[in-house]
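# Notes for the structure review
Listed below are the residues making up each chain.
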Amino acid sequence: MYGDTSIQKPIKIAEPTSAEQARLEEIFQQKIDDDIKIEPQEWMPAAYRKTLVRQMSQHAHSEVIGMQPEGNWLTRAPTLRRKVILLAKIQDEGGHGLYIYSAAETLGTSRAEMIEQLQNGKAKYSSIFNYPALTWADMGTIGWLVDGAAITNQVALSRGSYGPYSRAMIRICKEESFHQRQGYELLLTLSKGTKEQKEMLQESVNRFWWPSLMMFGPNDANSPHSAQSMKWKIKKKSNDQLRQEFIDATVPQAEFLGITLPDPDLKWNEERGHYDYGAIDWEEFGNVINGNGPCNKQRIANHIKAHEDGAWVREAAAAYAEKQQKKQVA
Amino acid sequence: MTKQTTEKEWPLWEVFIRSKAGLDHKHCGSVHASDAEIALESARDVYTRRSEGISIWVVPSNAITASKPEDKESLFEPADDKIYRHPTFYDIPKGAGKM
């Protein structure tokens, strides 16, 4: 759902109210069609701006909430090497959230507003982060599958039409390759370990496979406002296209790990040149997105607590800055 | 209104980074910070985790004056038809040597 907001109520596309507006819209669409990026101060349709603000804020929230399942394992990392890797990865995710918040702010929304909407539930974040990280193997699986799915999505988003978002995506994709590789390497280590470690690996992948596929959002047939996003090049590939790309890239990696993926219908289709896969449980997806996943309440409660616990720091820094400014004037 | 929106937001700073000696500082994003010193430190944490830079500028966003997109034609189009400002406009015979 990084690139997909179709689970929420649609954003109304207003008809142009004047000849002047119709002309502006035409120029705007021409730029998009010519692959000219749109920059912050330029004219854009209200619905384009709104769609982007929604998608980017949710993307940023996903990065920030995504720090929680991993933070849970920092103190239990088995070696110092794994611990510094995990720390660096979590710090990246915080950074990625900030790149995207910063890009979203160029559209006229404020940081405070976005955080508020996350905390009051008005804004969503990726459904995947509402699943718990129960075992150490999950640290590998999250890197391999969750970051792998995120990269598939973000590579497409980096070619999107809005300049600041596209630039943030390019930075993020460069950094995120490390996330996926460290995860896969962690799993490879487990795959060569004891019987218990191999079982832990398989069990973790069993839990994360389907939720990872859900990250791409509903099937194209049920993604009604994707068409407009594609026309505006906010979205470059459809949910099902991206999901297929991810599956095709991932199945051979699973084979190399010597594990199975929990889908009896998963098999190579020679004719299509792609893997076929089984039906996704969209009811589960809907439940998790709408607040009833295993960890939704905990994730938001943690975010609110961290935000409130940090309030005194923000206040103190603001007071200090004010005092320094007065000194300078005096 | 909830607490967050009434709380005064830290000002926004634009971040420019020199990636290596000899190159220009280049804009890369923004950070919120209460003062210049914290803006520098945050910019370092957010934008240079992989030795992307050797020097950072932070500038209060509201101190930047930008040209307007609608002035693009009047500002930049006059340069388009002055092709004689480019070296390729001039034919120099090969015999004259490298120039």
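This structure is a prediction, so every number in the text was calculated from the model and none was measured.

About the cut-offs
Residues numbered from 1 in each chain as written. Chains lettered and ligands numbered in written order. Predicted model: local features only at pLDDT ≥ 70, side-chain atom pairs only at ≥ 80, totals over all residues. Heavy atoms only, no water. Helix = DSSP H or I, 4+ residues; strand = E, 2+ residues; numbered from the N terminus. Contact = heavy atoms within 4.5 Å. Salt bridge = Lys/Arg side-chain N within 4 Å of Asp/Glu carboxyl O. Buried < 20%, exposed > 50% of the residue type's maximum accessible area, 1.4 Å probe, protein only. Pairing = 2+ DSSP bridges. Axes fitted to C-alpha atoms, helices over the stretch in contact; angles between N-to-C directions. Phe/Tyr/Trp six-rings, centres within 6.5 Å; stacked < 30°, edge-to-face > 60°. Lys NZ or Arg CZ within 6 Å of the ring centre and 35° of its normal. pLDDT = per-residue confidence, 0-100. Patch = residues over 30% accessible without salt bridge, like charges linked within 9 Å, V, L, I, M, F, W, Y side chains within 5 Å. Areas by Shrake-Rupley, 256 points an atom, 1.4 Å probe, with all protein chains shown as cover. Lys, Arg positive; Asp, Glu negative; His and termini not counted. Charge placed at Lys NZ, Arg CZ, Asp CG, Glu CD.

A separate point is the environment of Ser229 of chain A. All names here are of chain A. Locating Ser229 in the fold gives a position in helix 9 (residues 226–231). When the C-alpha atoms of Ser229 and Gly160 are compared, they prove to be 9.9 Å apart, with 69 residues separating the residues in sequence. Every residue in contact with Ser229, bar those within four places of it in the chain, is listed here: Thr51, Ile234 and Lys235.

This part covers the pattern of salt bridges. If you walk through the whole model with that rule in mind, you get 24 salt bridges over all chains. As a salt-bridge pair, Arg49 of chain B and Asp92 of chain A come within 2.8 Å of each other at their nearest N and O atoms. In this pair, Arg49 of chain B sits in the loop between helix 2 (36–47) and strand 3 (55–60) while Asp92 of chain A sits in helix 4 (residues 80–105), so the two residues belong to two different chains. Across the pair Lys326 of chain A and Glu322 of chain A runs a salt bridge, and its minimum N-O distance is 3.9 Å. A residue pair is termed a helical-turn pair when its members lie 3 or 4 positions apart in one helix, as Lys326 of chain A and Glu322 of chain A do in helix 13 (residues 311–329) at four residues. Overall, the relative accessible area of 45% leaves Glu322 of chain A in the partly exposed class.

Moving on, we come to the sheet that holds strand 3 of chain B. All names here are of chain B. Read across the open sheet, the three strands follow the order 2-1-3; overall the sheet is antiparallel. Each end of this open sheet is capped by a strand with a single partner; those strands are strand 2 (25–32) and strand 3. For this sheet the average axis-to-axis angle between neighbouring strands, irrespective of direction, equals 30 degrees. Of the strand pairs in this sheet, strand 1 (residues 12–18) and strand 2 are connected by seven bridges, and their pairing is antiparallel.

Under the counting rule described, the total for this entry stands at 13 aromatic pairs over all chains. With a centroid separation of 6.4 Å and an interplanar angle of 55 degrees, the aromatic rings of Phe16 of chain B and Trp57 of chain B are classed as tilted. Separated by 41 residues along the polypeptide, Phe16 of chain B in strand 1 and Trp57 of chain B in strand 3 bring together distant segments of the chain. Among the residues examined, Trp57 of chain B registers a relative accessible area of 47% and is labelled partly exposed. Judged by centre distance (5.0 Å) and plane angle (85 degrees), the rings of Phe89 of chain B and Tyr90 of chain B are edge-to-face. On the basis of relative accessible area, Phe89 of chain B is assigned to the partly exposed category, the value being 41%. Ring pairs connect the aromatic residues Phe28, Trp43, Tyr48 and Trp232 of chain A, which therefore count as one cluster. Its guanidinium or amino end placed over the ring of Trp73 of chain A, Arg76 of chain A lies 4.0 Å from that ring's centre, counting from NZ or CZ. Above the ring of Tyr99 of chain A, the side-chain terminus of Arg171 of chain A is found at 4.8 Å from the ring centroid.

Now for the confidence of the model for chain B. Residues and elements named next belong to chain B. Confidence along chain B averages 89 in pLDDT terms, with 93% of residues attaining 70 or more. Here helix 1 (residues 3–6) is the element of chain B with the lowest mean pLDDT, 44, and strand 3 is the one with the highest, 98. A low-confidence stretch, residues 1–6 (pLDDT under 50), is modelled with eight contacts involving residues beyond four sequence positions or located in other chains. This complex was scored by the predictor with a pTM of 0.92 and an ipTM of 0.87.

Residues Lys9, Lys12, Lys50 and Lys122 of chain A make up a contiguous surface patch of positive charge. Residue placement: Lys12 of chain A occurs in the segment before helix 1 (19–33).

The next subject is the pairing of strand 1 of chain B. Residue and element names in this part refer to chain B. Counting buried positions along strand 1 gives five out of seven residues, so the element sits mostly inside the fold. The loop that links strand 1 with its antiparallel partner strand 2 comprises six residues; one of these, Gly22, has a positive phi angle of about 100 degrees. For strand 1 and strand 3, the ladder comprises six bridges, and the chain directions are antiparallel. By the bridge assignment for strand 3, Val15 is matched with Val58.

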